Amino acid sequence: MEEVDVEPSTTVIVDSAGFHRKHLGFEWGPGDLLVYETNYKLQGNESCSPFVHIVRRDEDICSPILRKLFNESHLIFVGLQKIKEDIPSKNKKSQFVSISKNYRSVIRACMEELQQNAGKRSHDTHHVSILLAIELIWNLCEVLFIDTAPAGSLLLHLLDWVRLHKSDVDARAREVLQSDSPAQHQSYWDVVISLVLQGRTDEARQVLSKQASLREESSSVFKSMDGLLQTMPIFNPTGTQTLTEFEVKWRHWHEECDRCLQENTFASNRHLETICKILVGDEDTLLEQKELLSTWYHFLVTRLLFTHPTIKPPDLHYYAQSSMNMFLGPRASPEPLDIILLSAFEFDLHQVIKDCSIALNNWWFVAHLTDLLDHCKLLQSHNLHFGSNLREFLVLEYASGLFTHHSLWQLAVDYFDHCPEFGRVYLELQIERVPLDTERKAIKVLRICEDRQMSEQVRSICKIMAKRALRNNRLGSALSWSIRAKDAAFATLISERFLQDYSNKGSFTDLDLLDNLGPAMLLSDRLTFLGKYREFHRLYGEKRFSEAARLLLSLMTAKIAPRSLWMTLLTDALPLLEQKEVIFSVDQTYELMSCLEDCFSSVFQDEDIESTKTELLRLALARNLTMAIVKEGTIET
Amino acid sequence: MFVAKSIAADHKDLIHDVSYDFHGRRMATCSSDQSVKVWDKGDDGEWHCTASWKTHSGSVWRVTWAHPEFGQVLASCSFDRTAAVWEEIVGESNDKQRGQSHWIKRTTLVDSRTSVTDVKFAPKHMGLMLTTCSADGVVRIYEAPDVMNLSQWSLQHEISCKLSCSCISWNPSSSRAHPPMIAVGSDDSNVTYSGKVQIYEYNENTRKYAKAETLMTVTDPVHDIAFAPNLGRSFHVLAIATKDVRIFKLIPMRRESANSSGPTKFEVQVMAQFDSHNSQVWRVSWNITSTLLASSGDDGCVRLWKANYMDNWKCTGILRGDGSPVNGSGHAAALSAVGVPAAAQMVVGAASAGRKKAQLMPG
């Protein structure tokens, strides 16, 4: 089969009135392309009002009803991936068939919903026809490739397939039967013949019986036809009859029909004569029913029903090709849909997938179908070494398309997870770009990255959020993001800002956060100090003075506190020194004193203020020292 | 099929460059009217201009965003021989209500003696580094050692390319397997100097950039150059806009000796070459996953190129900027094969190797 070489489509972005420049500049966006008029050779000096155009694929992602399709098929996809390898193949086949049916029912549900809304948007009717075609193709693929029915059952499945997709027969039959005199209805014979064409002999008999009861004189003719229809053998796959036995029986019946024709049994009624000719599988008669058949594949199945009901799968393609040619005639050329179906009848999976990819505007169908076929191990059997690569390629394309959508991107993650070769790297690249509109969304994205140990992405997202929070002066948020990012440098920076704020306002913000830092405090020295310093204030507030004192001292002696803040800390010690009872011990007081001297010598501050403070401190420390010495020297009696 | 939505960009002269930010929610445009405009995408999906200011005293050629890890930072370069770094500051509340934001200049880089033709930030794992190239043939790499202080930039490297430079591209790969790599394109029209694309690589030992490769087969002026995002491949992919669109594959070769002195040697192959524009190609750019390459040419078209999983490249769409009647658009009936919107020829088997359409060279 020669390849369909399709020229790329051309879209005009700018209308003729506006386009004066020679060149189109562009820039890739998330899911779209930004295009603008420019001229790379000129520097400028033109008065104009140039436009910028946002161009994107006209994709189905935007339709809310199709989104349901994406959501539900995602569930089926994930379920399919979980099917274990070690189940025996018989059970697997039935599982695959049921999954295929699930997919199809999702397509049908979507189609029905679209049909209900039809008329509101022309876009929807377009989608309906595409979905109809998709379901038709998928159903055929299921019959031929997944269910792999053998001769005998094959025709039955094909009949079901045709019946499902030619549903107007039921409506018309109902209309005729419910009318006052069915036999007089203008569609009466059309209905009978349609039913016969679909092999629905019982129903055809039922409709025929309406006729028979009216005209006594021709009743024997109708009885004969009734007899023929009643005795038509239908293969029963679950029964005890073998295919050969069925074939013999069928041949007898076929000869019986032929005999009726030869003996002109139905000469008195041209409709019955037509039906009899159909029953013997007369091609010309079948072709005359073009309008009732409406498609070449209906013609194919009907033809097989009445000439080769025991058709074997490998022989299908010959009949398919000839049926199509006969039905379409010399002048009509096949549509892409026809070619796809023909490729399916020829069991050319690869061609089916390729032609579907070309014809459709969205990767949904080919990605899911190919994935299912790959699970059935059908792509490998074609001896193509890129079998599973093809599946991964299509799934990656589909999922990448989902990623640009503001809520569907979460579905895409699961698809990437099941692409062993490139899934992870694609996910890493694309998840970074998800806009972090809200904290909630950022946390959602983070969780996905954390679950997959994408540590660089985690760090990057946290850093972006921290930076954003800092810009908007939300220090608490910035700090918790830096902690999550494990970004010591940034945590130090934010801690400095906290401390700055404290010295400006005299109180801390975000107390909840600071009080509950826990081990995260150890991320950076400055952060540790901040946490401990806040703890000091808390202890003081709870009047746990000796603990507070110890903490305060350790902050200086353990060098956790930056030198620049020692003065502040010592000043914080003042109220403790001025308590009635002695809090700082002798040793602690000596340490404080040395800290003060250290501080005084190395930090040249504003002379006046500092010297006053220093004097105050020296005095307080000295007084404390005396009291401490006395206290410690007193023997308790 | 493509659908387009237009925004009046409101510049008073030609737009030379447009740049999306990392998340695609903001964009910057720059123009010959010497200004830069910043646009924000609202919750309603509409773009609003939130800042517009004069940036240079000459045409602004390019504008680019830094990675959001560094905050909201833009860089611009101009015909006025300078490049500048801008930072957005959080404004007063009434500004927010009016939907306006303020950008202030953090630094001006004045080292170039000629028009600065391109400005790009290096990949974020290298820190906050800015690169410029000028018509005087020098590529300059600046670094801001303190990312919280954007007014301090130091010139770390000056690479003399000897040919007038028009474009630069950093290899975005952050893999430890290869050192930082930058490609420089030259639009020098003198054909005696062949090799209009040079690739420089950072050497850990010498702490300098050394030339690793010159693409000698590129002899015509180069207008744009772009490394593809690396998908964990061992080789690099570089797209070039010259008299046609060319995609090169650079395969690092194993070092002969354990002593890794000197830059990496590469085996250079041509993955694809397209002359469909039939004229000069001015811009090339990759999408995020490097599955699509877009090019823009003298014929006033933007073309999209895609490789299938067999690495066969095809054109998958054309955007025209003129008034000739649209062909192949409109709503197709079910499955009528109009154009090649998303898929097309992608699922092509071995049988496609003999195609005549695109000039493919095996690679």
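Within each chain, residues carry numbers counting from 1 in the order of the written sequence. Note on labels: chains are lettered from A, ligands numbered from 1, in written order. The predicted origin of the model limits local features to residues at a pLDDT of at least 70 and limits the giving and counting of side-chain atom pairs to 80 or more, whereas totals for whole chains, interfaces and linings rest on all residues. Hydrogens and water are ignored here; the side-chain numbers use all heavy atoms of the structure.

## Structural notes on the overall build of chain A
This is how it is decided: For helices the rule is a DSSP run of H or I covering at least 4 residues; for strands it is a run of E covering at least 2, with both sets numbered from the N terminus onward. Contacts are assigned to residue pairs that have any heavy atoms within 4.5 Å of one another. Per-residue and other accessible areas follow the Shrake-Rupley method at a 1.4 Å probe size, with only the shown protein chains counted as cover for residues.
When you go through chain A residue by residue, the secondary structure sums to 30 helices and 4 strands. A sequence separation of at least 24 residues applies to 62% of the contacts in chain A between residues at least 6 apart. Approximately 29,600 Å² of chain A is accessible, and the part contributed by carbon and sulfur atoms is 51%.

## Considering the UniProt feature "repeat: WD" (unreviewed entry) in chain B
Residues and elements named next belong to chain B. To keep things clear, this is the line we draw: UniProt positions are given in the numbering used here, feature names are shortened, and annotations may be inferred rather than shown by experiment.
In the numbering adopted here, UniProt assigns the feature "repeat: WD" (unreviewed entry) to residues 8-40 and 274-306. Between the first and last C-alpha atoms of residues 8-40 the distance is 14 Å; the span itself is 0% helix and 58% strand. Each end of residues 274-306 is marked by a C-alpha atom, and these two atoms are 12 Å apart; helix forms 0% of the span and strand 58%.

## Remarks on the sheet that holds strand 1 (residues 10-12) of chain A
In a beta sheet, neighbouring strands pair by backbone hydrogen bonds and run either parallel or antiparallel. Threshold: Only strands that DSSP links by at least two bridges are regarded as paired with each other. Whenever a helix is involved, its axis is fitted only over the stretch in contact; in every case the axis is a line through C-alpha atoms, and angles between N-to-C directions fall within 0 to 180 degrees.
Spatially, 5 strands are ordered 1(A)-25(B)-24(B)-23(B)-22(B) in an open sheet, and the strand pairing comes out mixed. In the strand order of this sheet, the two ends are held by strand 1 of chain A together with strand 22 (281-286) of chain B, each with one partner. For this sheet the average axis-to-axis angle between neighbouring strands, irrespective of direction, equals 20 degrees. As paired elements, strand 24 (residues 301-307) of chain B and strand 25 (residues 313-320) of chain B share 7 bridges and run antiparallel to each other. The partner of B:Lys306 across the bridge, within strand 25 of chain B, is B:Lys314.

## Let's talk about the layout of surface pockets
This is how the line gets drawn: Cavities and pockets were defined on a 1 Å grid built over protein atoms only: a cavity is a set of grid points that admits a 1.4 Å probe from which the probe cannot escape, a pocket is an open set flanked by protein on both sides within 12 Å along at least five of seven lines, and lining residues are those with an atom within 4 Å of any such point. Grid points are joined across faces, edges and corners, and a volume is the space filled by probe spheres set on the points. These domain limits were set by an automatic method or by a database of domain assignments.
Within this model, the second largest pocket holds a volume of roughly 1,500 Å³. Residue lining of the second largest pocket: 50 residues in total, with A:Pro30, A:Gly31, A:Asp32, A:Thr404 and A:His405 positioned closest to the centre. Those elements that provide at least two residues to the lining of the second largest pocket are strand 4 (51-57) and helix 18 (387-403) of chain A together with strand 1 (2-8) and strand 24 of chain B. Shared between two domains, the lining of the second largest pocket holds at least three residues of each, these being domain 1 (1-57) and domain 2 (61-148 + 363-391) of chain A.

## A closer look at the sheet that holds strand 18 (residues 224-227) of chain B
Residues and elements named next belong to chain B. Pairing within the open sheet is antiparallel, and its 4 strands lie in the order 18-19-20-21. One side of each edge strand has no neighbouring strand; the edge strands of this open sheet are strand 18 and strand 21 (266-274). Strand-to-strand twist of the sheet, defined as the mean angle between neighbouring strand axes without regard to direction, takes the value 20 degrees. Pairing between strand 20 (residues 245-252) and strand 21: 8 bridges, direction antiparallel. Paired with Ile251 across the bridge in strand 21 is Glu267.

## Section: the packing of helix 15 (residues 336-345) of chain A against helix 16 (residues 349-359) of chain A
Residue and element names in this part refer to chain A. The line we're drawing: Put simply, angles under 35 degrees are roughly parallel, angles over 145 are roughly antiparallel, angles from 65 to 115 are roughly perpendicular, and the rest are oblique. Throughout, a crossing is termed right-handed when the near helix is turned clockwise from the far one, and left-handed when it is turned anticlockwise from it by less than a right angle. The classification used treats Ala, Val, Leu, Ile, Met, Phe, Trp, Tyr, Cys and Pro as nonpolar, Asp, Glu, Lys and Arg as charged, and all other residues, Gly among them, as polar.
One can describe the packing of helix 15 onto helix 16 by two numbers: an axis separation of 8 Å at closest approach and a directional angle of 165 degrees. Looking at the two axes, helix 15 sits roughly antiparallel to helix 16. Of the two elements, helix 15 crosses helix 16, and the hand of that crossing is left-handed. Only Gln351, Val352, Asp355 and Cys356 of helix 16 make contact with helix 15, whose side of the interface consists of Ile339, Ile340, Ser343 and Ala344. Along the lines of polarity and charge, the residues of the contact of helix 15 with helix 16 split into 5 nonpolar, 2 polar and 1 charged.

## A few points about the packing of aromatic side chains
Any aromatic ring pair is given by two values, namely how distant the centres are and how the planes are angled relative to each other. The test is simple: Each pair of aromatic rings taken from Phe, Tyr and Trp, with Trp reduced to its six-membered ring, is defined by centres within 6.5 Å and is described as stacked if the planes are under 30 degrees apart, edge-to-face if over 60, and tilted in the remaining cases. Burial classes follow relative accessibility: with a 1.4 Å probe on protein chains only, a residue under 20% of its type's maximum area counts as buried, one over 50% as exposed, and anything between as partly exposed.
Summed over the entire model, instances satisfying the criterion amount to 35 aromatic pairs over all chains. Plain terms: the ring middles of A:Tyr502 and A:Phe508 are 4.6 Å apart, the flat faces sit at 10 degrees to each other, and that makes the pair stacked. Given a relative accessible area of 12%, A:Tyr502 falls into the buried group. Plain terms: the ring middles of B:Tyr20 and B:Trp47 are 5.9 Å apart, the flat faces sit at 65 degrees to each other, and that makes the pair edge-to-face.

## Some words on helix 5 (residues 168-178) of chain A
Applied cut-off: Arc definition: it is the arc formed by the directions from the helix axis to the C-beta atoms.
Buried residues of helix 5 of chain A: A:Val169, A:Ala173 and A:Val176, and no others. Seen end-on, helix 5 of chain A carries its buried residues on one side only, within an arc spanning 65 degrees.

## Topic: the nonpolar core
All names here are of chain A. Rules: For our purposes a nonpolar core is just a set of buried Ala, Val, Leu, Ile, Met, Phe, Trp, Tyr and Cys residues, chained together by side-chain atoms within 4.5 Å.
With 200 residues, the main nonpolar core has Leu279, Trp296 and Phe345 as its most contacted residues. Here this core takes 14 residues from helix 3 (residues 122-146), the largest share from any one element. In this structure, Leu279 is in contact with Val196, Met225, Leu228, Leu229, Trp253, His254, Cys257 and Phe306, ignoring residues within four places of it in sequence.

## Comments concerning helix 22 (residues 455-471) of chain A
Residues and elements named next belong to chain A. We apply this condition: Each residue after the first adds 1.5 Å to the expected span of a helix.
Compared with the 24 Å implied by 1.5 Å per residue over 17 residues, the 24 Å span of helix 22 between its first and last C-alpha is a close match. The buried count for helix 22 comes to 12 of 17 residues, which makes it a mostly enclosed element. Along helix 22, the residues that are buried comprise Gln457, Val458, Ser460, Ile461, Cys462, Lys463, Ile464, Met465, Ala466, Lys467, Ala469 and Leu470. In the core, the buried residues of helix 22 are packed alongside helix 20 (423-431), helix 21 (439-451), helix 23 (475-485) and helix 24 (488-505).

## A closer look at unusual backbone geometry
Residues and elements named next belong to chain A. In the Ramachandran plot, Asn264 falls in the positive-phi region, its phi being about 55 degrees despite a non-glycine side chain. As for its placement among the helices and strands, Asn264 is situated in the loop between helix 9 (243-262) and helix 10 (270-279). Exposure remark for Asn264: the relative accessible area of 46% places this residue in the partly exposed category. Despite not being glycine, Lys543 shows a phi value in the positive range, around 60 degrees. When you line up the elements, Lys543 lands in the loop between helix 26 (525-541) and helix 27 (545-557). A relative accessible area of 62% means that Lys543 is categorised as exposed.

## With respect to the confidence of the model for chain B
Residues and elements named next belong to chain B. Spelled out, the test is: Looking at any residue, its pLDDT shows the predictor's confidence there, from 0 to 100.
The predicted model of chain B averages 82 in pLDDT, with 84% of residues at 70 or higher. This stretch, residues 323-363, has a pLDDT under 50; its non-local contacts, to residues over four places away or in other chains, come to 105 contacts. In the predicted complex, the global pTM is 0.84; the interface-specific ipTM is 0.84.

## A look at the pairing of strand 22 of chain B
Consecutive side chains along a regular strand alternate between the two faces of the sheet. Residue and element names in this part refer to chain B. Among the 6 residues in strand 22, 6 count as buried, and that is most of the element. The pairing of strand 22 with strand 23 (residues 292-297) spans 5 bridges and is classified as antiparallel. Pairing of Ser285 across the sheet is with Ala294, part of strand 23.

## Observations concerning the pattern of salt bridges
What counts here: We define a salt bridge as a contact between a side-chain nitrogen of Lys or Arg and a carboxyl oxygen of Asp or Glu at a distance within 4 Å.
For the coordinates displayed, the defined rule picks out 55 salt bridges over all chains. A salt bridge links A:Asp202 to A:Arg205, with the shortest nitrogen-to-oxygen separation between them at 3.6 Å. Of this pair, A:Asp202 and A:Arg205 are both found in helix 7 (residues 201-212), 3 residues apart, which corresponds to roughly one turn of the helix. Close ionic contact of B:Arg26 with B:Asp40 constitutes a salt bridge, the shortest N to O distance being 2.9 Å. Pair noted here: B:Arg26 is in strand 3 (residues 26-31) and B:Asp40 is in strand 4 (residues 35-41), with a separation of 14 residues, a long-range link. On the accessibility criterion, B:Arg26 (8% relative accessible area) is buried. Residue class for B:Asp40 comes out partly exposed when judged on its relative accessible area of 23%. Several salt bridges share partner residues, and in doing so they unite A:Asp515, A:Arg534, A:Arg538, A:Glu542, A:Arg544 and A:Glu547 into one network.

## With respect to the packing of helix 26 of chain A against helix 27 of chain A
Helix-helix packing: each pair is described by the crossing angle between the helix axes and the interaxial distance. All names here are of chain A. Interaxial distance between helix 26 and helix 27 falls to 8 Å at its minimum, and their mutual angle equals 155 degrees. As far as their axial angle goes, helix 27 and helix 26 are roughly antiparallel. Seen along the crossing, helix 26 lies across helix 27 with a hand that is left-handed. Where helix 26 approaches helix 27, its residues Phe529, Lys532, Tyr533, Glu535, Phe536, Leu539 and Tyr540 are matched on the opposing element by Phe545, Glu547, Ala548, Leu551, Leu552 and Leu555. Per-class residue counts for the contact of helix 26 with helix 27 are 10 nonpolar, no polar and 3 charged.

## Quick word on the environment of A:Thr242
Among the structural elements, A:Thr242 can be located in the loop between helix 8 (219-231) and helix 9. Along the chain, A:Thr242 and A:Ile483 lie 241 residues apart, while their C-alpha atoms are 74 Å from each other.

## Observations concerning the pairing of strand 23 of chain B
Residue and element names in this part refer to chain B. The buried fraction of strand 23 is high, at 6 of 6 residues. Side-chain alternation along strand 23 places Leu292, Ala294 and Ser296 on one buried face and Leu293, Ser295 and Gly297 on a second face that is also buried. In textbook terms, the turn of a hairpin is the stretch between consecutive antiparallel strands, and for strand 22 and strand 23 this stretch comprises 5 residues, one of which, Ser290, has a positive phi near 55 degrees. Bridge count between strand 23 and strand 24: 5 bridges; the pairing is antiparallel.

## What about the environment of B:Arg140?
Residues and elements named next belong to chain B. The line we're drawing: For the purposes of these results, a polar contact is taken to be a pair of N or O atoms within 3.5 Å, where, inside protein, one atom must be able to donate a hydrogen and its partner to accept one; residues adjacent in sequence count only when each atom of the pair is a side-chain atom.
Considering the arrangement of structural elements, one finds Arg140 in strand 12 (residues 138-143). Considering only alpha carbons, one finds Arg140 and Ser160, 20 residues apart in sequence, at a separation of 8.7 Å. If we skip the residues at most four places from it in the chain, Arg140 touches Asp111, Ser112, Leu130, Thr131, Thr132, Ser134, Leu155, His157 and Glu158. Polar contacts involving the side chain of Arg140 include one to the side chain of Glu158, which spans 3.2 Å.

## Some thoughts on the state of the cysteines
As a reminder of what qualifies: A pair of sulfur atoms, both from cysteines and within 2.5 Å, is called a disulfide here.
According to the stated counting rule, one finds 0 disulfides over all chains in the structure shown. Counting only cysteine sulfurs, A:Cys356 is the nearest neighbor of A:Cys141, a cysteine outside any disulfide, at a range of 6.9 Å. A disulfide-free cysteine, B:Cys315 has its sulfur positioned 9.2 Å from the sulfur of B:Cys301, the nearest such atom. Residue B:Cys315 is classed as buried on the basis of its relative accessible area, which comes to 13%.

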